[in-house]
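Each chain is listed here by its residues.
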Amino acid sequence: MACHLLLTDFTLPLKSPKLSHSRQQRKGRSNGSRKVSTTVAYYGLKTPPYNLDGLEPYMSKRALEVHWGVRHRGFVEDLNRQLRKSDILYGYTMDELVKTTFNNGNPLPEFNNVAEAWNHDFFWESMQPGGGDMPKLGLLGQIEKDFGSFTNFREKFVETALSLFGSGWVWLVLKRQDKRLAVVKTSNSINPIVWEGIPILNLDMWEHAYYLDYKNDKAKYVSMFMNHLVSWNAATVRLACAEAFVNLGEPKILIA
Amino acid sequence: MAILSLATRKTLTLGLNSTRLTQSCALRTFSLPELPYDYGALEPAISGEIMQLHHQKHHQTYISNYNKALEQLHEAIQKGDSSTVAKLQSAIKFNGGGHINHSIFWQNLAPIREGGGEPPKGSLGWAIDTNFGSLESLIQKINAEGAALQGSGWVWLGLDKELKQLVIETTANQDPLVTKGAHLVPLLGIDVWEHAYYLQYKNVRPDYLKNIWKVINWKYANGVYEKESA
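None of the values given here were measured: they were computed from a predicted structure.

Trainee: What is the right way to read the overall build of chain A from this model?
Mentor: For chain A, the helix and strand inventory stands at 10 helices and three strands. From first element to last, N terminus to C terminus, chain A shows the α and β order α-α-α-α-α-α-α-β-β-β-α-α-α. Sorting the 256 residues of chain A into buried and exposed places 48% on the buried side. Pairs at least 24 residues apart make up 70% of the contacts formed inside chain A by residues separated by at least 6 positions. Total accessible area on chain A is roughly 13,000 Å²; 54% of this is exposed by carbon and sulfur atoms.

Quick look at the structure:
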C-alpha cells in the first residue's frame, strides 16, 4: 500500500521516542502472535461532558445526536478501520497521529479522520451548558493584552468565522513563537497543532454544525455560541496547561 | 501665448478623462434567476424546504455578495488601487463562482413529469457510452467522486473542448469548472455542499447522490453538449 511505503521513510526525520518504542513492541509480537491476534480498537468515541440536550436551546439534542452520534462517531470508526491496516501508525497519541498524517501539507488518507475526531473532541469540550459570558482573571488579561479588549477579540472571532469560505473551523490559538493569542481559521479539517499552535477554543463552521438548528443563518449560530455556549472554563484550563510550554510573562531574574 | 496653449491642453485632457469615466461607470449587477419549476417539484429526491433555502437564501447571498464585490472592484480600478483589486479576487471567485454554479445547477434539474431522470438520448448518450461504457458506469464514477470530496465543492460532468472528450471533475468550494481547465465546459454539476442535502439526508451524502439522478435534466446537458461540440 502506497501510504505504508511513505511512512517507512518517516523513521529518519521523526525524532519521537514513542516511534522506536512501538516498533520494538511490534517486533516482539510478530514472533508468534501476529497470525492469531485480532485488531483492538485504538481510539474510542469520547462523550461530551454534558447530556445531549444540555446545550438546548442553542444547540439542539437532535443536532448533537447527528453531529456527535453519527458524524463524529463515523470518523472514529473509519479511523480505526484504517489503522487496522497500518503497522506504523499503531500506538500513536492522537496529537502525534494528526501531525504525522498531516505530512507537512500533503495529508495521508488517515488525516481527515483523525483530525476531525480531534477537532470534534475539542469542540464538545469548548462548550458547556450555561456558557458564554466572559473569561476572567489571567485569560481575560491575556486576551486584553493580545487583542486590546474582549470586545475586539469577540469582533475578530465573529468576523473570522463569518468570512470563512467553504467548510472549516475557527480557533482561538496560542502561538508558540509569537507568545500570544490569535484568532485563526482553517479549511476543512486542518488543525493549528500541525503548525505547533496550542488551541484554546474552536468553533465548527462546517454547515452540518449549524444547519439543523439555524439553517443558513451563520451569524446567529456564531452569536449564540459566543453568548451561551462557549466554555471559558475549558479555555482557562487549556491556557494554564499551555503555559507549561510557552512562557507568556517576563521571567523574574533575581539579582543577587 | 505659451500659457494659453498649456491651459487649452489641460482642458482637453480633462475632457477626455471624464468621457472615459462615464463610459466605464456602467456596472452590470446580477439578480436571482427564477426557477423553471416549483420548490416542491423535485420531491422526494430533493425536498421543497431545501430547494427554497438553497435558491432564496444561499444563491441570493452569493449574488448579493458578488454584486458588492464587483462594485468595490469597480471603485478600486478607477482609483488605481491595485492592492484592493488583488484583495477582492477571492471574494469575486467565491461569490461569482457561487452564482455561476448555481445558475447551471437549477437547469441541471427537472421534475420527473418534465423529463427529469430520463436517460440522455442523442449525441451525449452516445458519447457517454463510448467514454464510460454505460450510463450506469458514469453515474457510479460521478457518485464516487462526489462522495469522496472532502469539505464543500461540486462534482461535474464536463466536455473538454480541446480533447473532444467527456470528463468527470471536482472543484472545491465555489470554484467554477473552468478553474480546472480553460477548455472545460460544464454539462452537469452536482452541488455537494452540505446545504444542498443536509436537512433531508443528514450525513449520508451517498444517498443524496443516488437519488438526485431521478431529477437530472439530461435534455439540458445534451443541448449544451451538442452546441459546444459542433
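Now that the structure is up, let's keep going.
Trainee: I'm lost on helix α5 (residues 110-125) of chain A in this one. Help?
Mentor: Here α5(A) spans 23 Å end to end across 16 residues, near enough to the 22 Å set by a 1.5 Å rise per residue. Counting buried positions along α5(A) gives 15 out of 16 residues, so the element sits mostly inside the fold.

Trainee: How do you make sense of the sheet that holds strand β3 (residues 198-204) of chain A when you look at a structure like this?
Mentor: Sheet strands line up and pair through hydrogen bonds in the backbone, either parallel or antiparallel. Residues and elements named next belong to chain A. The antiparallel open sheet is built from three strands, whose spatial order is β2-β1-β3. The two strands at the open ends of the sheet, each matched to only one other strand, are β2 (180-187) and β3. On average, each strand axis in the sheet is inclined to that of its neighbour by 20°, with strand direction left out of account. Note that strand β1 (residues 168-175) and β2 share eight bridges and pair antiparallel.

Trainee: Can you walk me through the sheet that holds strand β3 (residues 184-191) of chain B in this structure?
Mentor: Residues and elements named next belong to chain B. Overall, antiparallel pairing links the three strands, which are arranged β2-β1-β3 in an open sheet. Only two strands of the sheet have a single neighbouring strand rather than two, namely β2 (165-172) and β3. Neighbouring strand axes in the sheet, compared pairwise and without regard to direction, differ in orientation by 25° on average. Looking at chain direction, strand β1 (residues 153-160) and β2 are connected through eight bridges and run antiparallel. Among the inter-strand pairings, Trp156 is bridged to a residue of β2, identified as Glu169. The sheet contacts of helix α4 (residues 122-132) involve β1, β2 and β3, and relative to β2 the element is tilted by about 85°. Strands β1, β2 and β3 of the sheet are contacted by helix α8 (residues 218-228), whose axis makes an angle of about 165° with β3.

Trainee: In this structure, what is going on with the environment of A:Lys136? I would like to understand it.
Mentor: Along the chain, A:Lys136 turns up in the loop between α5 and α6 (137-147). A C-alpha to C-alpha distance of 12 Å links A:Lys136 and A:Ser231, two positions 95 residues apart in sequence.

Trainee: It is not clear to me how α6(A) should be interpreted in this structure. Could you clarify?
Mentor: Each turn of an α-helix holds 3.6 residues, which means side chains three or four residues apart point in the same direction. Residues and elements named next belong to chain A. Taken together, the buried positions of α6 are Leu139, Leu140, Gln142, Ile143, Asp146 and Phe147. Buried residues of α6 fall within an arc of 160° about the axis and therefore sit on the same side. For α6, the exposed residues lying more than 90 degrees away from the buried face are Leu137, Gly138 and Lys145. At its buried positions, α6 is contacted by α7 (150-162), β1, β2 and α10 (232-242). Once α6 ends, the next one or two residues include Gly148, with phi positive near 95°.

How each quantity is defined
Residues numbered from 1 in each chain as written. Chains lettered and ligands numbered in written order. Predicted model: local features only at pLDDT ≥ 70, side-chain atom pairs only at ≥ 80, totals over all residues. Heavy atoms only, no water. Helix = DSSP H or I, 4+ residues; strand = E, 2+ residues; numbered from the N terminus. Buried < 20%, exposed > 50% of the residue type's maximum accessible area, 1.4 Å probe, protein only. Contact = heavy atoms within 4.5 Å. Areas by Shrake-Rupley, 256 points an atom, 1.4 Å probe, with all protein chains shown as cover. Expected span 1.5 Å × (residues − 1). Pairing = 2+ DSSP bridges. Axes fitted to C-alpha atoms, helices over the stretch in contact; angles between N-to-C directions. Arc of directions from axis to C-beta.

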